[in-house]
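Listed below, chain by chain, are the residues.
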Amino acid sequence: MRKKWFVKRIFFFVFLFAGLNHNSYAQEWKNNLPQNKVKNHTLTLKDYQKAFYSYYKKAKVGETKGAKENKVKDETWEKFKRWEWYWETRVDPVSGAFPRTTAFDVYQQYLKTHSNTTNQNSQPWKNRGPVKSAGGYAGLGRINCVAFSPVDTNVLYVGSASGGVWKTTNGGANWTPLGDFNNVLGVSDIVVVNEGGDDIIYLATGDKDHWDTRSVGVLKSTDGGQSWHTTGLQWEPWQDYAVYRLLIDPEDNSILYAATNNGLYKTTDAGQNWNIINNLHFRDLEFQPGSNTRIYGASAQDGAIYYSEDAGQTWTKAIDNADNRWTELAVTADSANVVYAVMANANGGLLGIYRSKDAGQTYVLVFNKLNLLGSGYGFDSGGQGWYDLSIAVDPQDANKVFVGGINTWMSEDGGKSWKLSSYWKYSFNGQNDVVHADKHELVYQSSTNALFECNDGGIYKKDYGKHWTYIGSGLIVSQIYRLGTSATVKGEVITGLQ
């Protein structure tokens, strides 16, 4: 019974607000939530139900009855009802309050009271797979981000949605888990610096793209990931915060920025203390190459693009498209004044590729003829721009741009024309590689000019040539949703996973 209860609590907390509380433009009903409770993190299931059903009732009888009702039902109703059904038997039966105890809390308490236990429940768990993949269509699990050691090009760190942070010292041939006992295992972003000894690593905890895990703030390691400790930016998972992006000052390793859904934080003492310097919620941040004061930011709330000339203290809005829902930015050392932006529309498809030539002050639409964010060859509609969106520019060629949605596309003329670099299902007469779908990050390793891609299947690498190479075999980060065992064949197990 103890083991079943422990596993249930893990499952219980992982799904706290899962699929409901991430930034979704379709959820206007959340404006009906009592804002004092939102601020104090004291919302109950009853508050959510009241807000949702009140909004849906007005949509049903309002002037735009047909369109509004269909929109609410299609985009929100089914998701809310699944979420509501899950929580109705798990919240406090009287108050409707959500639990505040995490799986990590339960585990720590268990260790305190069972330190000398030698029965089966205290034995370590053993992984039974999957642990290997050849890449292509298949994968092992979602990787959100990758970062590189400044002193060894073969040392990489990757962060997963709910499987922790991993390290390779041989370019991806083998991987080692780090921080398995951190109190959350989701990682949204990683920053690595080196000051003459071991790598110093900062982790933005939680899952920024689907909120499969919540954030406890920023963690830090000073010994290459062998041990971790909290910084001055720390939260409890139930507070429902997220760190979307970590950015380090290119001239001072003690200065970092954290873009969160609670505002923009800054530390000037290597993470000991953090202060909110602006209340804007940024999803992406980039320094202008060669500057440590000019920063570009993409809003997590409406996709608008801003720039700051004073290291993040004040911001000017450069572009705000009413049809935009999500924006990612990219810069290149090849041309310091160039900024690229990929924008997703209300359906998750491509709104457009935009480019600035004046250091982010103005932007021009350079492409919107094909839907680069769809699942097809550019002629379909919609996509997953609310979930998988990324862009990167070659540090040695300002005209070479990659965009990732469900597939990956490449432009070699500054975004004016595009061709498939990889497709999720098959190759078009050998014109492209087959690479797992849903791209969460595209980033160049500046010291090698290799391009890395993090997606729902793991991590891939592209050198100077045409092809992508899977380097994620050995990463045990799969999110398993269902598990079944055979009643007639001993040892036969089938599972469905991400």
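Everything numeric here is computed off the predicted structure, so don't read it as measured data. (Residues numbered from 1 in each chain as written. Predicted model: local features only at pLDDT ≥ 70, side-chain atom pairs only at ≥ 80, totals over all residues. Heavy atoms only, no water.)

*Asks:* Can you help me understand helix 5 (residues 103–113) in this one?
*Replies:* One turn of an α-helix holds 3.6 residues; hence residues three or four places apart share an orientation. Along helix 5, the positions that sit buried rather than exposed are Ala103, Val106 and Tyr110. All buried residues of helix 5 project into a common sector of 60° when viewed along the axis, lining one side. (Buried < 20%, exposed > 50% of the residue type's maximum accessible area, 1.4 Å probe, protein only. Helix = DSSP H or I, 4+ residues; strand = E, 2+ residues; numbered from the N terminus. Arc of directions from axis to C-beta.)

*Asks:* Before we go on, may I ask you to explain a nonpolar patch on the surface in this structure?
*Replies:* On the surface, a cluster of nonpolar side chains totalling about 360 Å² of accessible area is made up of Ile480, Leu483, Val493 and Leu497. Breaking the nonpolar patch down by element, the ones donating at least two residues are strand 30 (480–485) and strand 31 (493–497). Along the chain, Leu497 turns up in strand 31. The exposure class of Leu497 is partly exposed, given its relative accessible area of 31%. (Patch = residues over 30% accessible without salt bridge, like charges linked within 9 Å, V, L, I, M, F, W, Y side chains within 5 Å. Areas by Shrake-Rupley, 256 points an atom, 1.4 Å probe, with all protein chains shown as cover. Salt bridge = Lys/Arg side-chain N within 4 Å of Asp/Glu carboxyl O.)

*Asks:* Just to check I follow, could you spell out the packing of aromatic side chains for this structure?
*Replies:* For any pair of aromatic rings, geometry is given as the distance between the ring centres together with the angle between the planes. Scanning all chains against the criterion turns up 32 aromatic pairs. With centroids separated by 6.3 Å and ring planes inclined at 65°, the aromatic side chains of Trp29 and Tyr48 adopt a geometry described as edge-to-face. Residue Trp29 is located in the loop between helix 1 (2–14) and helix 2 (35–40), and its partner Tyr48 is located in helix 3 (residues 45–61); the two are separated by 19 residues in the primary sequence. Residue classification places Trp29 among the buried residues on the basis of a relative accessible area of 0%. Note on Tyr48: relative accessible area 2%, which makes it buried. Plain terms: the ring middles of Tyr423 and Trp424 are 6.4 Å apart, the flat faces sit at 40° to each other, and that makes the pair tilted. (Phe/Tyr/Trp six-rings, centres within 6.5 Å; stacked < 30°, edge-to-face > 60°.)

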